[in-house]
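Observations on the three-dimensional arrangement
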Amino acid sequence: DLTLDRGAGIRLLVVGSMEPRKNVARFLEAFLLAADQAPQLRLDLVSGDAWGNVLGENTWAKVRQHPRVRIHRRISDQVLLSLYNAADYLVFPSLYEGFGLPLLEAVGHCAVLANDIPVFREIAGQIDGVHLMNLQAEPVAIAAHLVALVDINPPKPADDRGKFSWNQCASRILAGLDLPAPALRVA
């Protein structure tokens, strides 16, 4: 059963593979700790197959069996969009990224809690609704921040999608090229 309304409590969404650099394992450990203290927290985890034994069998079993965790694999773009719309926060705990497309996919749908790394700082400077936090901290410290989310109203997501549309990006690139005007056209 995939009920995707925002409902009561705080719904978190994590979109990413289980590679070590994505830092999902640490976040899941923190979520399990926070969920013990705050039954209002819910988690949707969108991930492909695990990269090796990133979590450890004991932690992965706890995540799979947790009543407020839903694991989604190989989903359609429509289901992913529904998950973004139902989430209060996308949590993006990556240790390093080249860019971070899930962060942009979330814009206009839910707020974002992203690890405080350079690429996310740059994006947060351009988009409202991106909040940086230390998701490299010990799971206990991350859990405390997650529990605190229960006592605040989730921010309304900013609709800054136009800033990073394909047309906007292509127009910026074209503006920087020294080409005759009719040579390229952005569709």
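The structure under discussion appears in the preceding block.
About the criteria used
Residues numbered from 1 in each chain as written. Predicted model: local features only at pLDDT ≥ 70, side-chain atom pairs only at ≥ 80, totals over all residues. Heavy atoms only, no water. Core = buried A, V, L, I, M, F, W, Y, C linked by side-chain atoms within 4.5 Å. Buried < 20%, exposed > 50% of the residue type's maximum accessible area, 1.4 Å probe, protein only. Helix = DSSP H or I, 4+ residues; strand = E, 2+ residues; numbered from the N terminus. Contact = heavy atoms within 4.5 Å. Axes fitted to C-alpha atoms, helices over the stretch in contact; angles between N-to-C directions. Parallel < 35°, antiparallel > 145°, perpendicular 65-115°, else oblique. Left-handed = near helix turned anticlockwise from the far one by under 90°. Nonpolar A, V, L, I, M, F, W, Y, C, P; charged D, E, K, R; others polar. Pairing = 2+ DSSP bridges. Right-handed = clockwise from strand over helix to strand, strands pointing away. Polar contact = N/O pair within 3.5 Å; in protein donor to acceptor, adjacent residues only side chain to side chain.

1. A few points about the nonpolar core
Counting 30 residues, the largest nonpolar core has Leu12, Phe27, Leu28, Phe31, Leu41, Leu43 and Leu146 as the members making the most contacts within it. Elements with a minimum of two residues in this core: strand S1 (10-15), helix H1 (24-37), strand S2 (41-46), helix H2 (57-65), strand S4 (89-92), strand S5 (111-115) and helix H6 (139-149). Considering each element in turn, this core owes the most residues, 8 residues, to H1. Not counting residues up to four positions away in its chain, the partners in contact with Phe31 are Leu12, Leu41, Arg42, Leu43, His66, Arg68, Val69 and Leu146.

2. Here's the deal with the environment of Glu138
Within the secondary structure layout, Glu138 lies in the loop between strand S6 (130-133) and H6. Classification of Glu138 by relative accessible area gives exposed; the value is 56%. Distance from Glu138 to Arg26, taken between C-alpha atoms, is 7.9 Å for residues 112 residues apart in sequence.

3. Notes on the packing of H1 against H6
Taken N-terminus to C-terminus, the directions of H1 and H6 make an angle of 50°; their axes are 8 Å apart at the nearest point. One finds that H1 runs oblique with respect to H6. Crossing geometry of H1 relative to H6 is assigned as right-handed. Residues Arg26, Phe27, Glu29, Ala30, Phe31, Leu33, Ala34 and Gln37 of H1 form the contact with H6, whose own contacting residues are Pro139, Val140, Ile142, Ala143, Leu146 and Val147. Residue composition of the contact of H1 with H6, grouped by class: 11 nonpolar, 1 polar and 2 charged.

4. Looking at the pairing of S1
Where burial is concerned, most of S1 is hidden: 6 out of the 6 residues are buried. Along S1, one buried face is formed by Ile10, Leu12 and Val14 and the opposite face, lined by Arg11, Leu13 and Val15, is buried too. In the sheet, S1 pairs with S2 via 6 bridges, with the strands oriented parallel. The residue of S2 that forms the bridge with Val14 is Leu45. Handedness of the crossover joining S1 and S2 through H1: right-handed. Of the strand pairs in this sheet, S1 and S4 are connected by 2 bridges, and their pairing is parallel. Paired with Leu13 across the strands is Leu90, a residue of S4.

5. Looking at the side chain of Ser94
With respect to the secondary-structure elements, Ser94 resides in the loop between S4 and helix H4 (101-106). Its relative accessible area of 1% is what places Ser94 among the buried residues. In terms of polar contacts, Ser94 uses its side chain to reach the side chain of Glu97, at 2.6 Å. When residues no more than four places from it in sequence are discounted, the contact partners of Ser94 are Arg21, Lys22, Asn23, Asn115, Ile117 and Phe120.

6. Description of the packing of H1 against H2
At their nearest, the axes of H1 and H2 sit 11 Å apart, and the two run at 55° to each other. Considering their axes alone, H1 and H2 lie oblique with respect to each other. Where H1 crosses over H2, the two elements pack in a sense that is left-handed. For the pair H1 and H2, contact is made by Leu28, Glu29 and Leu32 and by Thr59, Trp60, Lys62 and Val63, respectively. Residues of the contact of H1 with H2, tallied by class, amount to 4 nonpolar, 1 polar and 2 charged.

7. Re helix H3 (residues 77-86)
Where H3 is concerned, the buried positions are Leu80, Leu83, Tyr84 and Ala86. Where the residues of H3 are buried, they touch S1, S2, strand S3 (69-72), S4 and H4.

8. Description of H2
Turning to H2, its buried residues number three or more, namely Thr59, Trp60, Ala61 and Val63. Those residues of H2 that are buried lie in contact with H1, S2 and S3.

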